[in-house]
Number of protein chains: 2
Amino acid sequence: MSSILQLQEILETAIKNLKFPENPKQLYDPITYIINLGGKRIRPLLVLMSAELFSKNPNDAIHAAMAVEVFHNFTLVHDDIMDNAPLRRGKATVHEKWSTNTAILSGDVMMVEANKNLAKVNPVYLKDVLDTFNATAQGVCEGQQLDMEFENRDDVSIEEYINMIRLKTAVLLAGALKLGAIIAEASEKDADLIYQFGENIGIAFQLQDDILDVYADPEKFGKQVGGDIIANKKTFLLLKAFELAETENLQSLQTWTGYQEFDAKEKVEAIKQVYDVLDIQNIAKETLDNYLNKALSYMAQINATNEAKANILDLTKQLMARQY
Amino acid sequence: MSSILQLQEILETAIKNLKFPENPKQLYDPITYIINLGGKRIRPLLVLMSAELFSKNPNDAIHAAMAVEVFHNFTLVHDDIMDNAPLRRGKATVHEKWSTNTAILSGDVMMVEANKNLAKVNPVYLKDVLDTFNATAQGVCEGQQLDMEFENRDDVSIEEYINMIRLKTAVLLAGALKLGAIIAEASEKDADLIYQFGENIGIAFQLQDDILDVYADPEKFGKQVGGDIIANKKTFLLLKAFELAETENLQSLQTWTGYQEFDAKEKVEAIKQVYDVLDIQNIAKETLDNYLNKALSYMAQINATNEAKANILDLTKQLMARQY
């Protein structure tokens, strides 16, 4: 069994070896730029880990892993345009550094590059790999669409929110795991189980992000605590609070989310106070635990040794334990 | 041998049967909208015709044909954003009718839909089909990038221009033909020959577009004669004129292309006068004929009967004869 570190080294080498044409420079430079901004490479790591879980040499899944990583970076480039985001990992986003047109077109060609990597997998699994990848890509697009629509809606239910984060975040983790399983010739049942594991873990990750935004240790948190509150982001916490709040708590939520101008610290404190009264943090943690436990029960049903499962479970624990 | 009309009917039925999810509506409605704006369906027609040229039932190539048509429409949606175009086939473009974000994301999901259609081809050819499709898609993106860059450059050579239209226009026609050939199990040599035929025909088509913009019969031409001149579009004609012009002709080109405000009719007349002095129309026609003849010589080398080749050659003639 490879260590996580070994798998990460395989990935970094493969990423370094990704070759794009030199010209037109304006088209290809942004690809190298965004991919080299770094990131934890969780998604391609899951492809390799899943292949190894089902007794395949992780190197055999490297093309699928690269396809997933390039696709993920493509979604970042296009999402950043749509979200009007100036920064990505502390650096200028592609549309800021070059232009919106460049970001659109470089993104498009990244999608093609992802597909080129995919076409390199063993033809024996190619059809299955494509079907899983395309269904995943489609889900991610749908998730982004719903996320944008939710910004302009005041009646988003918790159920809708969970479905949105499932599509926007969880489906790609699940798809990555399933790709590894397909390439490792896992049974259809096991490939579906690892997909379900990934989907539920992905939802748990996003719920943790929602919680950390408000309750992280500011010393360890990489960004501003309360950022979601300041931006009126419809997180699980805010939606749940709106669902449960009555009278003065509801009033407070409505007032603070209605302000065009406000003192950020005051707003975070006020909304947090409502959260505390309504026990939102615990409700969110319970919901997170439900998804986590569901994920683990899917994993338990997978036909593999505990030793083989250790890597994915360790990574999951690491990611669920982060406080920063 | 099917008639062109029969093949078009197969295509229209298949296009009508393309199924997209219903929700999110904002994501999928633009796809149905753009695909149903019509168009001559040349590219998918070429897939079917090429399959039939190499003795395959055209129905066997329908998924690849749909992939090509959906991909083509995806490029229209994204190109229209980048070109800031308000109209497409006389109707509002997707980014105008919905929004830029919707046009970006619907375009992205169209690329996925194209790939989903592609994944339906017989697994026996899947790898070859993907490789040809991806190389084609990449070329189209590169062509659009070059086209955008040329707008801001004053030193575009004829050679660069031909390479740009090759990528932006010709490669997709060539790729469509090659896909049909692969699915029909044509020899590698014949698949390459039909690709070369398509590339040269595609360049000839674009040169014809450039010529028609200036010299079309205004009664039969669907759009404003001289539109390229008015917009300072770097067509073959304008680039050639700049290459050949000296003294007062060069002066006239520089003056008229330099004006921010001008009478459109006067500008068209003035530039046309320079074209006439320099014999630009004939030079363009000779260049077009060279590409056309090159295309026909590739076709002549293909191992198939003249009867089998008749459909593609008829379509080519029809398209080269259009005056509107």
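The structure displayed is predicted, hence computed values, not measured ones.

Between its terminal C-alpha atoms helix 9 (residues 188-215) of chain B stretches 40 Å, which fits the 40 Å expected from 28 residues at 1.5 Å a residue. Across the 28 residues that make up helix 9 of chain B, a large majority, 22, are buried.

Residues and elements named next belong to chain B. By the element assignment, Ala114 lies in helix 6 (residues 100-118). Overall, the relative accessible area of 0% leaves Ala114 in the buried class. For the pair Ala114 and Ile211, spaced 97 residues apart in sequence, the C-alpha to C-alpha distance is 33 Å. The contact partners of Ala114, leaving out residues within four places of it in the chain, are Ala67, Val70, Phe71 and Phe133.

Time to look at the pattern of salt bridges. What the rule picks out here adds up to 26 salt bridges over all chains. The salt bridge partner of Asp155(A) is Arg153(A), with a shortest N-O separation of 2.8 Å. For Arg153(A), a relative accessible area of 23% translates into the label partly exposed. As a salt-bridge pair, Lys168(B) and Asp147(B) come within 2.7 Å of each other at their nearest N and O atoms.

A separate point is the relation of the copies chain B and chain A. In the superposition of chain B on chain A (RMSD 0.0 Å, axial shift 0.0 Å), the rotation amounts to 180 degrees. The superposition operator between the copies reduces to a two-fold rotation axis.

What follows is about the domain arrangement of chain A. All names here are of chain A. Assigned domains of chain A: these are domain 1 (1-186) and domain 2 (188-324). On a C-alpha basis, the centres of domain 1 and domain 2 stand 22 Å from each other. The interface is formed by 35 residues belonging to domain 1 together with 33 residues belonging to domain 2. Carbon and sulfur atoms supply 75% of the area buried between domain 1 and domain 2, which totals about 2800 Å² over both sides. Between the two partners, domain 1 and domain 2, sit two salt bridges. The partner of Glu199 in a salt bridge is Arg166, with the nearest N and O atoms 3.3 Å apart.

Looking now at empty space enclosed by the protein. If you walk through the whole model with that rule in mind, you get seven cavities of 30 Å³ or more. Taken as a whole, the largest cavity spans an internal volume of roughly 80 Å³. If you go around the largest cavity, the residues you meet are Ile42(A), Leu46(A), Leu173(A), Leu177(A), Phe197(A), Gly198(A), Ile201(A), Phe205(A), Ile312(A), Leu315(A), Thr316(A) and Leu319(A). Mapped onto the lining of the largest cavity, the elements with two or more residues apiece are helix 3 (42-53), helix 8 (158-183), helix 9 (188-215) and helix 15 (306-320) of chain A. Split by domain, the residues of the lining of the largest cavity number at least three in each of domain 1 (1-186) and domain 2 (188-324) of chain A. Roughly 70 Å³ of volume is contained in the second largest cavity. Every residue lining the second largest cavity is listed: Asp210(B), Asp213(B), Val214(B), Asp228(B), Ile229(B), Asn232(B), Lys233(B), Thr235(B), Leu237(B), Leu238(B), Ile271(B) and Tyr275(B). Only helix 9, helix 10 (227-230), helix 11 (236-244) and helix 13 (264-278) of chain B provide two or more residues apiece to the lining of the second largest cavity. Of the residues in the lining of the second largest cavity, the class split is six nonpolar, two polar and four charged.

Cut-offs applied
Residues numbered from 1 in each chain as written. Chains lettered and ligands numbered in written order. Predicted model: local features only at pLDDT ≥ 70, side-chain atom pairs only at ≥ 80, totals over all residues. Heavy atoms only, no water. Helix = DSSP H or I, 4+ residues; strand = E, 2+ residues; numbered from the N terminus. Expected span 1.5 Å × (residues − 1). Buried < 20%, exposed > 50% of the residue type's maximum accessible area, 1.4 Å probe, protein only. Contact = heavy atoms within 4.5 Å. Salt bridge = Lys/Arg side-chain N within 4 Å of Asp/Glu carboxyl O. Least-squares fit on C-alpha atoms with pLDDT ≥ 70 in both. Domains from an automatic or database assignment. Buried area = accessible area lost by both parts, 1.4 Å probe. 1 Å grid on protein atoms, 1.4 Å probe; cavity = no way out; pocket = protein on both sides within 12 Å on 5 of 7 lines; lining within 4 Å. Points joined across faces, edges and corners; volume = space filled by probe spheres on them. Nonpolar A, V, L, I, M, F, W, Y, C, P; charged D, E, K, R; others polar.

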